[in-house]
Amino acid sequence: MPYQETFIEFWEQVKESYQEGRFAKLTLAKTIGKPNLKNIFVRPLSSDKGLKVLVKLRYQSRETEDEESELTLDEAFTLLKPYLKTHFSSVLLFTTTKDVTLKINKKGIGKITENAPTFQNVIIAESGF
């Protein structure tokens, strides 16, 4: 299945885990080439404005300051989607019940796998805004 369709299926698990209080963290990893952008992390955020997440773009270069944004899940989806296959070849969803990995191969095919959970508890990020 093309990675775009697989990412939509994967994102449904992200939303479901967040709504059920199981979402611990999401990480875009396995960079393609040698970009300055090292990782993207998404954490649940304590907010009275609905389902919000803290998105952090971490850079390799010390001269480039990391960026943080407070977004809704839909906004995070829109932000992350262009980075797949261009900057990162895998996305890891950590929940309290399972870890879910989306890997994209060189042919652009996405595959979802599940493993035992890494996190036992959800750590809510505090808003920096």
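Above this note sits the structure.
Reading the values: the criteria
- Residues numbered from 1 in each chain as written.
- Predicted model: local features only at pLDDT ≥ 70, side-chain atom pairs only at ≥ 80, totals over all residues.
- Heavy atoms only, no water.
- Pairing = 2+ DSSP bridges.
- Helix = DSSP H or I, 4+ residues; strand = E, 2+ residues; numbered from the N terminus.
- Axes fitted to C-alpha atoms, helices over the stretch in contact; angles between N-to-C directions.
- Contact = heavy atoms within 4.5 Å.
- Phe/Tyr/Trp six-rings, centres within 6.5 Å; stacked < 30°, edge-to-face > 60°.
- Buried < 20%, exposed > 50% of the residue type's maximum accessible area, 1.4 Å probe, protein only.

1. What about the sheet that holds strand E5 (residues 88-95)?
Next, step 1: What the 7 strands build is an open sheet, ordered E4-E3-E2-E1-E5-E6-E7; its pairing is antiparallel. On the outer flanks of this sheet lie strand E4 (67-72) and strand E7 (110-115), each paired with one strand and no other. On average, each strand axis in the sheet is inclined to that of its neighbour by 15 degrees, with strand direction left out of account.
Next, step 2: Summarising the sheet, strand E2 (residues 37-45) and strand E3 (residues 52-59) pair through 8 bridges and their orientation is antiparallel. Paired with Val 42 across the bridge in E3 is Val 55.
Next, step 3: In the packing of helix H1 (residues 3-19) onto the sheet, contacts are made with strand E1 (23-31), E2, E3, E5, strand E6 (99-104) and E7, and the angle to E7 comes to roughly 30 degrees.
Next, step 4: Helix H2 (residues 73-80) contacts E1, E2, E3 and E4 of the sheet and is inclined by roughly 130 degrees relative to E4.

2. A look at the packing of aromatic side chains
Next, step 1: Tallied over the full model, the rule gives 7 aromatic pairs.
Next, step 2: Ring centres of Trp 11 and Phe 77 lie 5.6 Å apart, and the angle between their planes is 55 degrees; this geometry places the pair in the tilted category. A residue pair is termed long-range when its members are at least 10 positions apart, and Trp 11 in helix H1 and Phe 77 in helix H2 qualify at 66 residues. As far as the burial class goes, Trp 11 and Phe 77 line up, both buried.
Next, step 3: Centroid distance Phe 94 to Phe 119: 5.5 Å. Interplanar angle 70 degrees. Geometry classified as edge-to-face. Taken together, the residues Phe 94 in strand E5 and Phe 119 in the segment after E7 connect sequence positions 25 residues apart. Phe 119 matches Phe 94 in its accessibility class, with the two residues each being buried.
Next, step 4: An aromatic cluster of at least three residues, connected via ring pairs, comprises Phe 7, Phe 10, Trp 11 and Phe 77.

Function-wise, these values are silent; they only describe arrangement.
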